[in-house]
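A closer look at the structure
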Amino acid sequence: MTATTIHTRLHQLETMLLIRAYEEQLVALQRQGAPGTCTSVGQEACAVGVVDALEARDRILTNHRSAAHLLARGADPKRLMAEVLGRVDGYCGGHSGSLHISAREFGVLLTSTIVGAELSMAPGVALAQKLGQGQFDNGSGGITAVFFGDGAACEGIFHESLNLAVHWQLPLLFVCENNQWQAFVHRRETMADEAISAWARGHGIATQRVDGNDVEAVHAAASQAVAEIRATGQPQFLELVTYRLRGHFEPDDQAYVDPSELKHWQARDPIHTLRAWLLDSGHVDVATLEAMERRVRTRIAEAMQFAQASAWPEPETLTTYVYA
Amino acid sequence: MIHMTAADAMHLALREEMQRDPRVLLMGEGVATKRPDLVRDFGTARVRNTPLAEAIIAGTAVGAAASGLRPVIDLLFAPFLTYAMDALVNSAGKLRYLSGGQFEFPLVTLAMTGSGCCVCAQHNHNLEAMFVHAPGLHVVMPSTPADFKGLLKTAIRDANPTLFFTDMALLYQEGEVPEDADYSVPLGKAAMRRTGTDVTLVSYAKTVNVCMQAAEQLHAQGIAAEVIDLRSLKPLDEATVLQSLRKTGRLIVVHEASGLCGIAAEIAALAVSQAFDALRAPVVRITGPDAPSASSWALEQAAVPQTDAVVRAAFDLMQDAQHSGVAMRHERTAANIPA
Ligand SMILES: Cc1ncc(C[n+]2csc(CCOP(=O)(O)OP(=O)(O)O)c2C)c(N)n1
Ligand SMILES: [Mg+2]
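From a predicted model like this one, the values you see are computed outputs, not experimental measurements.

**Remarks on the overall build of chain B**
For chain B, the count of helices and strands is 13 helices and 15 strands. Radius of gyration (C-alpha) of chain B: 20 Å, near the 20 Å computed for a compact globule of 339 residues. Scored against the burial criterion, the 339 residues of chain B give a buried share of 62%. Within chain B, residue pairs in contact and separated by at least 24 positions form 79% of the contacts whose partners lie at least 6 positions apart. Carbon and sulfur atoms make up 55% of the accessible area of chain B, which amounts to about 12700 Å² in all. Looking at chain B, you have 28 positive and 35 negative side-chain charges, and the mean spots of the two groups are 3 Å apart.

**Some remarks on the packing of aromatic side chains**
Residue and element names in this part refer to chain A. If you walk through the whole model with that rule in mind, you get 13 aromatic pairs over all chains. Arranged with centres 6.1 Å apart and planes meeting at 65°, the rings of Phe148 and Phe237 form a pair that is edge-to-face. Taken as a pair, Phe148 in strand E3 (residues 144-149) and Phe237 in strand E8 (residues 236-241) lie far apart in primary sequence, 89 residues in all. As far as burial versus exposure is concerned, Phe148 and Phe237 are alike and both buried. Feature note: the residues Phe148, Phe158, Phe174, Trp199 and Phe237 constitute an aromatic cluster, connected by ring pairs.

**Remarks on the coordination of the magnesium ion (ligand 2)**
All names here are of chain A. Ligation of the magnesium ion (ligand 2) by protein atoms is provided by Asp150 (OD), Asn179 (OD1) and Trp181 (O), these donors lying 2.0 to 2.1 Å from the ion. Donor residues for the magnesium ion (ligand 2), ordered by position in the chain, follow D-x28-N-x1-W. Note that Asp150 is positioned in the loop between E3 and helix H6 (156-167) and Asn179 in the loop between strand E4 (172-178) and strand E5 (181-182), a separation of 29 residues in sequence. For Asp150, a relative accessible area of 0% puts it in the buried group.

**A word on the pairing of E3(A)**
Residue and element names in this part refer to chain A. With six of six residues buried, E3 is to be regarded as a mostly interior element. In E3, alternate side chains face the same way, and those of Thr144, Val146 and Phe148 on one face and Ala145, Phe147 and Gly149 on the other are all buried. Here three bridges tie strand E1 (residues 59-61) to E3, and the two strands are oriented parallel to one another. The residue bridging Ile60 from the neighbouring strand is Ala145, located in E3. Alignment of E3 against E4, held across six bridges, turns out to be parallel. Bridging from a neighbouring strand, Phe147 pairs with Val175 of E4. A crossover links E3 with its parallel partner E4, the connecting element being H6, and its sense is right-handed.

**Thoughts on the domain arrangement of chain B**
Residue and element names in this part refer to chain B. The domain architecture assigned to chain B consists of domain 1 (2-177) and domain 2 (191-333). Distance between the C-alpha centres of domain 1 and domain 2: 28 Å. Overall, the association of domain 1 and domain 2 removes approximately 2100 Å² of surface from exposure, summing both partners, and the carbon and sulfur fraction of that is 54%. It is Ser115, Cys118 and Met141 in domain 1 that bury the most area against domain 2; as a group they hold 23% of the surface buried on that side. The tally of links between domain 1 and domain 2 comes to three salt bridges. Residue Asp147 pairs with Arg231 through a salt bridge whose shortest N-O separation is 3.0 Å. There are 18 residue pairs in polar contact (both at pLDDT 80 or more) connecting domain 1 and domain 2. For the side of domain 1 that touches domain 2, the secondary-structure elements that each account for two or more residues are helix H7 (128-132), strand E6 (138-140) and helix H8 (145-157).

**So, the site of ligand 1**
The local shell around ligand 1 holds 20 residues, among which His64(A), Arg65(A), Thr113(A), Gly151(A) and Glu54(B) are the closest. Flanking ligand 1 are residues from chains A and B. In the environment of ligand 1, an oxygen atom lies 2.7 Å from a nitrogen or oxygen atom belonging to the side chain of His64(A). The separation between an oxygen atom of ligand 1 and a polar main-chain atom of Ala152(A) is 2.8 Å. Relative to its unbound accessible area of 570 Å², ligand 1 is 96% covered by the protein chains. Class assignment for the residues of the shell around ligand 1 results in eight nonpolar, seven polar and five charged.

**So, the confidence of the model for chain B**
Residue and element names in this part refer to chain B. Scored by pLDDT, chain B comes out at a mean of 94, with 94% of its residues at no less than 70. Strand E11 (residues 225-229) holds the highest mean pLDDT among the elements of chain B, 99, whereas strand E15 (residues 330-333) holds the lowest, 52. Low pLDDT, under 50, characterises residues 324-330; the stretch is placed with 18 contacts to residues that sit more than four places away or in other chains. Below a pLDDT of 50 lies the segment residues 334-339, which in the model reaches 19 contacts outside its immediate sequence neighbourhood of four places, other chains included. Across the interfaces of the predicted complex, the ipTM metric reaches 0.95, alongside a pTM of 0.95.

**A word on the interface of chain A and chain B**
Contact with chain A, which involves 34 residues of that partner, is made by 32 residues of chain B. Among the residues chain A hides against chain B, the three largest losses belong to Ile114(A), Glu155(A) and Leu318(A). Together they make up 24% of the total. Counting across the chain A and chain B interface gives zero salt bridges. Applying the counting rule to chain A against chain B returns 11 residue pairs in polar contact (both at pLDDT 80 or more). Partitioned by chemical class, the residues of the side of chain A that touches chain B number 17 nonpolar, 14 polar and three charged.

**Observations regarding the nonpolar core**
Generally speaking, soluble globular proteins have nonpolar side chains that are buried together. One finds Tyr22(A), Val50(A), Met81(A) and Leu173(A) to be the most contacted residues of the largest nonpolar core, which totals 62 residues. Ranked by residues supplied to this core, first place goes to helix H1 (residues 3-31) of chain A with 11 residues. In terms of nonpolar packing, the next biggest core, distinct from the first, is built from 50 residues, Ala58(B), Val139(B), Phe165(B) and Leu245(B) among them.

**A look at the packing of H1(A) against helix H4 (residues 77-84) of chain A**
Residue and element names in this part refer to chain A. Contact pair H1 / H4: the axes reach a minimum separation of 12 Å and the direction vectors enclose 25°. Judged by the angle between their axes, H1 and H4 are roughly parallel. At the point where H1 passes H4, the crossing takes the right-handed sense. Note on element contacts: H4 touches H1 through Pro77, Leu80, Met81 and Val84, opposite Leu18, Tyr22, Gln25, Leu26 and Leu29. Considering only residue class, the contact of H1 with H4 consists of eight nonpolar, one polar and no charged.

The rules behind each value
Residues numbered from 1 in each chain as written. Chains lettered and ligands numbered in written order. Predicted model: local features only at pLDDT ≥ 70, side-chain atom pairs only at ≥ 80, totals over all residues. Heavy atoms only, no water. Helix = DSSP H or I, 4+ residues; strand = E, 2+ residues; numbered from the N terminus. Rg over C-alpha atoms; globule rule 2.2 N^0.38 Å. Buried < 20%, exposed > 50% of the residue type's maximum accessible area, 1.4 Å probe, protein only. Contact = heavy atoms within 4.5 Å. Areas by Shrake-Rupley, 256 points an atom, 1.4 Å probe, with all protein chains shown as cover. Lys, Arg positive; Asp, Glu negative; His and termini not counted. Charge placed at Lys NZ, Arg CZ, Asp CG, Glu CD. Phe/Tyr/Trp six-rings, centres within 6.5 Å; stacked < 30°, edge-to-face > 60°. Donors = N, O, S within 2.8 Å, 3.2 Å for Na, K, Ca; no water. Pairing = 2+ DSSP bridges. Right-handed = clockwise from strand over helix to strand, strands pointing away. Domains from an automatic or database assignment. Buried area = accessible area lost by both parts, 1.4 Å probe. Salt bridge = Lys/Arg side-chain N within 4 Å of Asp/Glu carboxyl O. Polar contact = N/O pair within 3.5 Å; in protein donor to acceptor, adjacent residues only side chain to side chain. Near = heavy atom within 4 Å. Nonpolar A, V, L, I, M, F, W, Y, C, P; charged D, E, K, R; others polar. pLDDT = per-residue confidence, 0-100. Core = buried A, V, L, I, M, F, W, Y, C linked by side-chain atoms within 4.5 Å. Axes fitted to C-alpha atoms, helices over the stretch in contact; angles between N-to-C directions. Parallel < 35°, antiparallel > 145°, perpendicular 65-115°, else oblique. Left-handed = near helix turned anticlockwise from the far one by under 90°.

Rendered as structure tokens:
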């Protein structure tokens with residue numbers, strides 16, 4: 001095991017811890033009256049593994065469960081939290097709240113909470129990249145990664161998007177986080193097959209299906225897929241098998257969740273697994289990890305302070321940005 | 001009478017209608033998860049969790065309705081209706097007519113909307129007027145728990161496809177609801193919530209409460225406001241509005257949906273075309289702005305009609321009466337923003 005590998009894993013762990021702490025803070029805020037939110041607790045390895053495989057020139061589309069993708073991409077928890085609280089310093093000036101945060105400066109575009117909307121827009125973003133003259137691209141050879149869930153795969157637009165991407169040879173990485181839940185309905189109640197990648201293959205796209213709770217496996221698969229897209233100009237499909245450990249939207253008592261299934265996946269918590277792996281490697285000690293956890297807690301505390309001190313938007317901004 | 005929330009009143013209506021008519025079935029993303037007692041009593045064949053796919057949920061409901069079932073579909077939030085628009089607008093709304101009356105589409109579509117929860121524009125979009133604009137559809141949007149029950153029952157029994165909009169902030173408000181399993185509220189019949197002789201306030205859904213509060217404040221100032229709750233947007237109870245207007249001569253229409261081509265515009269046109277002689281002042285619309293609803297509490301509240309805006313408008317109208325202008329020149333959107 002090389003020093004670089006350990007360094008990479010440590011960095012990935014810190015990002016995953018930041019995501020976890022950020023979302024747990026949002027849960028606490030919701031309990032105090034802030035708007036609810038969709039957390040990605042349990043799915044941090046998906047976001048970190050894929051986003052780490054991308055470059056600055058690449059673009060990301062995401063959905064209602066976007067905080068992990070945004071934080072992995074380097075978005076500032078201060079401005080994310082301000083947005084969730086509806087304040088002016090949020091990435092969208094308080095217009096979005098938690099459900100559709102875009103941060104163009106990080107290449108996180110067109111976030112939509114309409115399930116499937118990311119799949120409908122992604123081919124257009126990738127087309128602009130392919131043509132090399134899009135607003136977001138200057139012929140840099142970037143690709144687009146679109147994150148969506150197993151539920152989104154049930155929308156007809158999933159198939160429309162895949163068909164177009166394959167037929168037009170778009171530089172598009174489909175990333176399905178199959179977390180077994182579609183709001184309050186279990187995946188097995190909505191489809192006969194358990195693999196979304198099997199559906200995708202019918203469209204003639206190359207697919208991989210990997211353990212979404214293993215950041216190393218996700219990162220390796222995503223890196224390979226990205227390299228293939230850059231080399232061939234063809235889209236790729238990545239299914240990440242994972243689990244939504246918290247409810248769909250805070251608050252949610254998860255009364256409808258099978259406790260044994262939940263327990264099974266709690267034991268496979270990607271953060272715990274990675275932490276244990278690092279300690280087992282013999283190259284990392286507990287003190288290093290505790291220092292990391294303290295750094296993360298400080299960042300979240302600072303984000304809270306920043307967000308709560310941020311002003312409410314002026315009523316005059318109610319009608320700004322409606323028309324160009 | 002039982003005291004219950006609007007959400008419980010809807011649930012009771014579903015239960016009673018499923019009991020009454022074996023053709024009634026409920027479909028949607030999570031309906032079975034959220035209503036386990038209906039699954040227990042009526043079975044999974046009639047209470048069906050669906051894949052996350054609004055177009056096929058609605059399309060299936062249309063086909064089933066034409067074939068003799070009476071589906072109720074829960075499409076969750078109103079903005080998601082756009083995925084189902086083809087089935088509802090082009091199929092359910094038109095195929096009775098296009099087939100020369102061979103088919104009927106007795107189906108109900110449930111959708112939530114409205115301010116108060118900071119859920120932003122992809123969950124809160126009062127787009128009811130879009131469906132009023134589509135021929136062949138009925139559209140209702142109640143304000144009291146009793147009406148949630150009564151109108152849902154009527155909608156389920158109605159032979160036409162009905163959009164049942166739920167103002168989400170009203171769902172947990174409580175009120176008296178008739179226990180009678182035969183209780184229903186007719187479509188196309190407005191409710192007179194308060195009588196008065198000076199000014200008519202017309203509204204529906206959450207802003208009925210805004211009008212009621214405004215009427216209370218106006219009463220303290222010696223102005224008697226009449227409050228009409230439309231409840232049903234299509235068919236629309238023109239007679240009740242006109243009758244009131246003939247009495248008061250002044251009309252303010254209030255709703256959260258944006259004003260352009262909206263319900264208030266329709267009511268204003270009704271007033272001008274059918275009771276022009278009765279108007280003693282310009283018709284006033286107090287509506288949401290031509291902007292998506294924002295998440296921020298500050299912006300969300302700035303966008304929706306507030307009580308003081310209605311009170312001020314009523315005062316202005318009482319002033320205007322002295323110079324009898326009849327043009328529709330008083331337009332207010334984004335009620336909290338100074339005009
Ligand atoms: C068109 C549409 N339908 C329904 C919803 C409500 N909703 C939000 S997220 C969600 C579940 C999405 O499931 P999935 O795509 O698997 O993503 P996950 O939430 O599991 O990350 C639902 C039903 C929505 N936002 N948009
Ligand atoms: Mg899912």
